[in-house]
Amino acid sequence: MIKIFRKIRQNLLSQGKSGKYLKYALGEIILVVLGILMALQINNWNENRKIIAQEQFILERLKVDITKDLNDISTELEYIKSNTGELTYCVDVILGNTESNLSNFRKNLNSLLEVNFFNQNKTTFNNLVSSGQIEFIQNKMLTDSITKYYNNKYKGWDTAMSDYTRNIMAPFILNFDHIPQGNEGFEGYEKFTRVDIYKSKINPKSIKDYQNEVFFLNILRQKIFITEGQQMEYQKLKIYMQQLLKKIDTEIKN
């Protein structure tokens, strides 16, 4: 197009038509300016496409991590529900509300020393923050929601469970009775070392012994309380995960 205008200009000059030349010269300048503006616009468009693509990639990675977290916390909630049921059964036996033989009673004590935790997968989020790429997420309200999720203070009940089980329950039960053998249910558990406690010179405690030990009843009650606290906190966090995933999905589609 510019070559055409130049040829026109040369023809006009050769004909001495300076007025018309000025008009065509002005048109040529406008054409050049428009060309520059279009080039800038295309460059900006390409840059915006790169930013959007990077944002989509980041949101997809976070979605994968949070979805895995959601599955993990759902599994932990199932463990907690099972453990609470077992320990509640033992409390009912001790209080005389439920009849049980020693074998079933001990079986339900398997979770007594278990400490179950949920841990967020924070690798992607930490990398995004440290690299500054978290800024690629243009929806700042969504960024705040994601940051709030990864800074959630749910670990308080986990710490209480760990400290109480290891510092209160374990020392008592290890001194009071033979601990329940809890490796059944694991893949390959038959390869684990098995000890027949009934061949020990110290006989296992009877249900009556447990019923007469008020300290054991109290530590069971406290263990159930902390377990239910974990359950409550995990359920709240699970709901937040589900809501956050919906927000991320909406942003990806937009």
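Given the structure is predicted, the values throughout are model-derived calculations rather than measurements.

### A closer look at the environment of isoleucine 173
Inspection of the secondary structure puts isoleucine 173 in helix H6 (residues 155–176). If near-sequence neighbours (up to four positions away) are discounted, isoleucine 173 is found in contact with Leu112, Leu113, Ile179, Tyr210 and Phe216.

### Description of the packing of helix H5 (residues 140–150) against helix H8 (residues 214–253)
The N-to-C vectors of H5 and H8 enclose an angle of 150 degrees; their axes lie 11 Å apart at closest approach. In terms of orientation, H5 lies roughly antiparallel with respect to H8. Crossing of H5 over H8 shows left-handed handedness. Counting all contacts with H5, which are made through Leu142, Ser145, Ile146, Lys148 and Tyr149, the residues of H8 involved are Leu237, Tyr240, Met241, Leu244, Lys247, Ile248 and Glu251.

### Notes on a nonpolar patch on the surface
A contiguous nonpolar surface patch, about 250 Å² in accessible area, is contributed by Ile168, Val214 and Phe215. Mapped onto the secondary structure, valine 214 falls in helix H8.

### Concerning the packing of H6 against H8
One can describe the packing of H6 onto H8 by two numbers: an axis separation of 10 Å at closest approach and a directional angle of 160 degrees. On the basis of the axis angle, H6 is roughly antiparallel to H8. Crossing geometry of H6 relative to H8 is assigned as left-handed. For the contact of H6 with H8, the class distribution of residues is 15 nonpolar, six polar and three charged.

### Remarks on helix H4 (residues 123–131)
For H4, the set of buried residues is Thr124, Phe125 and Leu128. One face of H4 carries all of its buried residues, which in axial projection span an arc of 100 degrees. Seen from the buried face of H4, the exposed residues on the opposite side, beyond 90 degrees, are Thr123 and Ser130. Phi for glycine 132, located one or two positions after H4, is positive at around 80 degrees.

### Examining the packing of aromatic side chains
By the definition in use, this model includes twelve aromatic pairs. Ring centres of tyrosine 149 and tyrosine 150 lie 4.7 Å apart, and the angle between their planes is 70 degrees; this geometry places the pair in the edge-to-face category. With a relative accessible area of 0%, tyrosine 149 lands in the buried category. Judged by centre distance (5.1 Å) and plane angle (15 degrees), the ring pair of phenylalanine 172 and phenylalanine 176 falls under stacked.

### Description of the pattern of salt bridges
Applying the stated criterion across every chain yields a total of six salt bridges. Aspartate 72 is the partner of lysine 68 in a salt bridge, and the nearest nitrogen-oxygen pair spans 2.9 Å. On the criterion of helical spacing, the pair formed by lysine 68 and aspartate 72 is a turn pair, its members being four residues apart in helix H2 (residues 18–95). Between lysine 155 and aspartate 158 there is a salt bridge; the shortest N-O distance is 3.4 Å. Of this pair, lysine 155 and aspartate 158 both sit in helix H6, three residues apart, which is roughly one turn of that helix. Judged by relative accessible area, which is 29%, lysine 155 ranks as partly exposed. Residue aspartate 158 is classed as buried on the basis of its relative accessible area of 2%.

Conventions adopted
Residues numbered from 1 in each chain as written. Predicted model: local features only at pLDDT ≥ 70, side-chain atom pairs only at ≥ 80, totals over all residues. Heavy atoms only, no water. Helix = DSSP H or I, 4+ residues; strand = E, 2+ residues; numbered from the N terminus. Contact = heavy atoms within 4.5 Å. Axes fitted to C-alpha atoms, helices over the stretch in contact; angles between N-to-C directions. Parallel < 35°, antiparallel > 145°, perpendicular 65-115°, else oblique. Left-handed = near helix turned anticlockwise from the far one by under 90°. Patch = residues over 30% accessible without salt bridge, like charges linked within 9 Å, V, L, I, M, F, W, Y side chains within 5 Å. Areas by Shrake-Rupley, 256 points an atom, 1.4 Å probe, with all protein chains shown as cover. Salt bridge = Lys/Arg side-chain N within 4 Å of Asp/Glu carboxyl O. Nonpolar A, V, L, I, M, F, W, Y, C, P; charged D, E, K, R; others polar. Buried < 20%, exposed > 50% of the residue type's maximum accessible area, 1.4 Å probe, protein only. Arc of directions from axis to C-beta. Phe/Tyr/Trp six-rings, centres within 6.5 Å; stacked < 30°, edge-to-face > 60°.

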